[in-house]
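Understanding the architecture of this molecule
Listed below, chain by chain, are the residues.
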Amino acid sequence: MIKYKQQWDRIKKIEIERETDHFVFLKDGRREAKVANYVSYFNTFEEAKEHIINKAKGKVRHYEHQLQNAKEDLDDANALTEE
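First, a word on what this report is: a plain description of the structure on this page. (Residues numbered from 1 in each chain as written. Predicted model: local features only at pLDDT ≥ 70, side-chain atom pairs only at ≥ 80, totals over all residues. Heavy atoms only, no water.)

**Thoughts on the packing of aromatic side chains**
- Counted under the stated rule, the structure contains 2 aromatic pairs.
- Seen from their ring centres, Tyr4 and Phe45 are 6.3 Å apart, and the 80° between their planes marks the pair as edge-to-face. Taken together, the residues Tyr4 in strand S1 (residues 2-7) and Phe45 in helix H1 (residues 45-78) connect sequence positions 41 residues apart.
- Overall, the relative accessible area of 37% leaves Phe45 in the partly exposed class.
- Centre to centre, the rings of Trp8 and Tyr38 are 4.4 Å apart; their planes meet at 25°, and the pair counts as stacked. Placement of Trp8 in the loop between S1 and strand S2 (10-19) and of Tyr38 in the loop between strand S4 (31-33) and strand S5 (39-42) is noted, with a sequence separation of 30 residues between them.
- Cation over ring: Arg18 sits above Phe25, and NZ or CZ is 3.8 Å from the ring centre.
- Note that Arg31 overlies the ring of Phe23, its terminal NZ or CZ placed 4.1 Å from the centroid. (Phe/Tyr/Trp six-rings, centres within 6.5 Å; stacked < 30°, edge-to-face > 60°. Helix = DSSP H or I, 4+ residues; strand = E, 2+ residues; numbered from the N terminus. Buried < 20%, exposed > 50% of the residue type's maximum accessible area, 1.4 Å probe, protein only. Lys NZ or Arg CZ within 6 Å of the ring centre and 35° of its normal.)

**Some remarks on the nonpolar core**
- Of all hydrophobic cores here, the largest spans 6 residues; its members are Ile14, Ile16, Val24, Leu26, Val39 and Tyr41.
- Where this core is concerned, the elements lending two or more residues are S2, strand S3 (23-26) and S5.
- Among residues more than four places away in sequence, those in contact with Tyr41 are Lys3, Tyr4, Lys5, Ile14, Val24, Leu26, Glu32, Ala33 and Lys34. (Core = buried A, V, L, I, M, F, W, Y, C linked by side-chain atoms within 4.5 Å. Contact = heavy atoms within 4.5 Å.)

**Let's talk about the pattern of salt bridges**
- This structure, assessed with the given rule, holds 6 salt bridges.
- The residue Lys3 makes a salt bridge to Glu19 at a minimum N-O spacing of 3.0 Å. Here Glu19 lies in strand S2 and Lys3 lies in strand S1, a separation of 16 residues in the sequence.
- Since its relative accessible area comes to 3%, Lys3 is described here as buried.
- Here Arg30 makes a salt bridge to Glu32, at a shortest N to O gap of 3.0 Å.
- Judged by relative accessible area, Arg30 falls into the partly exposed class, the value being 43%. (Salt bridge = Lys/Arg side-chain N within 4 Å of Asp/Glu carboxyl O.)

So yeah, pure geometry; function would need other evidence.
Written out as structure tokens, the structure reads:
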């Protein structure tokens with residue numbers, strides 16, 4: 001059975017022995033969670049790619065928010081005056 005293993009920003013096509021709702025069983029006998037922090041298994045390449053894209057979009061939103069906060073902090077610092 002073929003699955004697409006997403007790890008970080010890579011996708012690797014692998015063959016697994018079997019699967020359950022929450023785990024895949026690899027040919028070497030190891031069991032891995034289908035969804036984990038850094039590795040997930042998908043039925044298609046497109047699903048794996050979409051997962052990577054969505055994670056990247058989330059990071060962009062996070063860092064845009066961080067940038068906006070930093071700009072506000074800079075504006076506040078520039079507006080300081082001596083009393």
